[in-house]
Amino acid sequence: MVTINENYLKLPGSYLFSEIGRRVARFKAEHSEATVISLGIGDVTRPLPPAVIESLHEAVDEMARPETFKGYGPEQGYGFLINKILEHEYRSRGIELEADEIFISDGSKCDTGNIQEIFGLENVVAVTDPVYPVYVDTNVMAGRGGDLSASGGFERIVYLSCNAENGFIPELPKKRVDIIYLCYPNNPTGTTLSKAELQKWVDYARENQSVILYDAAYEAFIREEGVPHSIYELEGAREVAIEFRSFSKTAGFTGTRCAYTVVPKSVVGYTRDGKAVPLNQLWNRRQTTKFNGVSYIIQRGAAAVYTPEGQW
Ligand SMILES: *Cc1c(COP(=O)(O)O)cnc(C)c1O
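Residues numbered from 1 in each chain as written. Predicted model: local features only at pLDDT ≥ 70, side-chain atom pairs only at ≥ 80, totals over all residues. Heavy atoms only, no water.

Turning to the site of the ligand, a few remarks are in order. In the neighbourhood of the ligand, 14 residues make up the surrounding shell, with Asp215, Tyr218, Ser246, Ser248 and Lys249 lying closest. Arg257 is positioned with one of its side-chain polar atoms (N or O) 2.7 Å from an oxygen atom of the ligand. Counting residues per element, the ones that place at least two in the shell around the ligand are helix 4 (108-114) and helix 8 (247-251). For the shell around the ligand, the residue count by class is 5 nonpolar, 5 polar and 4 charged. (Near = heavy atom within 4 Å. Polar contact = N/O pair within 3.5 Å; in protein donor to acceptor, adjacent residues only side chain to side chain. Helix = DSSP H or I, 4+ residues; strand = E, 2+ residues; numbered from the N terminus. Nonpolar A, V, L, I, M, F, W, Y, C, P; charged D, E, K, R; others polar.)

Below, the structure is given as structure tokens:
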């Protein structure tokens, strides 16, 4: 008898966005006259920038010639894209990272969902509330959620309320937590954290040997001074934070698929007997085993985002 991962049965209904999609489709079918403004899953509305399209076309032509054809690429991503990221996203803000601390992927949804695999099941997970559902659901699937409680939350997950009363700024947890998901600028509230507010979380993680999983998918929309673009602008963050970035919102890549995750070699997790292990090593092992890299063509398209024309 084949048994299933029963953690999946703990998830209420289907994935939130599929459920919203289903309801919207049903409503539209029943009310063809109605103009529906959907506040469910967001998507970009503009086509890819011309510089990206041009680069994609060139890369397709390269695949047609024996001298320039590409087969399997590096699982972690091509150097030409990683170097552009290092230069334009980090060095330009005074952050020095190494090429093997960047992992190119096919999306931040996948990365923020997959990253929990490298952590032990006994960890206590904290999320801001409301939250992007991927963080919670993937931990529930792995067995870190416990059961759904009457209040609608999972009993082993620590929810950090963000509401009008606290100005949508989460407070440090009263109970010790190990894995902290932060997303800034935030989906769904649209709020940001100042450097001082974010520093509290970095300090908390350092004091408690916790890790921060920092989703910065909306980084490109920051216009205000004093709002960190990267968590690595904060003191000590390189010891405790993994950062997720995506071309989805920055450059309209939701359907094209390209993102990256930064895992500094100084970020560690611990064995049960307290030995520190670099998370970079574990994530590299995970990616090289389960992922075969983003298509060369798509990475060439993403690299064009960093040309002057691509920055429109
Ligand atoms: C859109 C979004 C992402 C990016 O997802 P991709 O898989 O890269 O398209 C990540 N996190 C949040 C919170 C988002 O809203």
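Back to the text.
It is worth spelling out the side chain of Arg286 at this point. Locating Arg286 in the fold gives a position in helix 9 (residues 279-290). A distance of 3.2 Å separates polar atoms of two side chains, one belonging to Arg286 and the other to Glu117. Not counting the four nearest positions on each side in its chain, Arg286 is found in contact with Asn114, Glu117, Ile118 and Phe291. (Contact = heavy atoms within 4.5 Å.)

Counted according to the given criterion, the structure contains 17 salt bridges. Of the charged contacts, one joins Glu117 and Lys290 as a salt bridge, the two residues approaching to 3.1 Å between their closest N and O atoms. With a gap of 173 residues between them, Glu117 in the loop between helix 4 and strand 2 (125-129) and Lys290 in helix 9 connect regions that are remote in the sequence. In this structure Glu117 comes out as partly exposed when scored by relative accessible area, which is 36%. A cluster of three or more residues bridged by salt bridges with shared partners is formed by Glu58, Glu62, Lys70 and Arg300. (Salt bridge = Lys/Arg side-chain N within 4 Å of Asp/Glu carboxyl O. Buried < 20%, exposed > 50% of the residue type's maximum accessible area, 1.4 Å probe, protein only.)

A word on the packing of helix 3 (residues 79-90) against helix 10 (residues 296-303). For the pair helix 3 and helix 10, the least separation of the axes is 9 Å and the interaxial angle reads 25°. One way to sum up the angle between helix 3 and helix 10 is to call them roughly parallel. Our pair here, helix 3 against helix 10, has a crossing hand that is left-handed. Residues Phe80, Leu81 and Lys84 of helix 3 form the contact with helix 10, whose own contacting residues are Tyr296, Gln299, Arg300, Ala302 and Ala303. Partitioning the contact of helix 3 with helix 10 into residue classes produces 5 nonpolar, 1 polar and 2 charged. (Axes fitted to C-alpha atoms, helices over the stretch in contact; angles between N-to-C directions. Parallel < 35°, antiparallel > 145°, perpendicular 65-115°, else oblique. Left-handed = near helix turned anticlockwise from the far one by under 90°.)

Let's shift gears to the packing of helix 2 (residues 50-63) against helix 10. Interaxial distance between helix 2 and helix 10 falls to 8 Å at its minimum, and their mutual angle equals 150°. Judged by the angle between their axes, helix 2 and helix 10 are roughly antiparallel. For the crossing formed where helix 2 meets helix 10, the hand is right-handed. For the pair helix 2 and helix 10, the contacting residues are Val52, Ser55, Leu56, Glu58, Ala59, Val60, Glu62 and Met63 in the first and Tyr296, Ile297, Ile298, Arg300 and Gly301 in the second. For the contact of helix 2 with helix 10, the class distribution of residues is 8 nonpolar, 2 polar and 3 charged.

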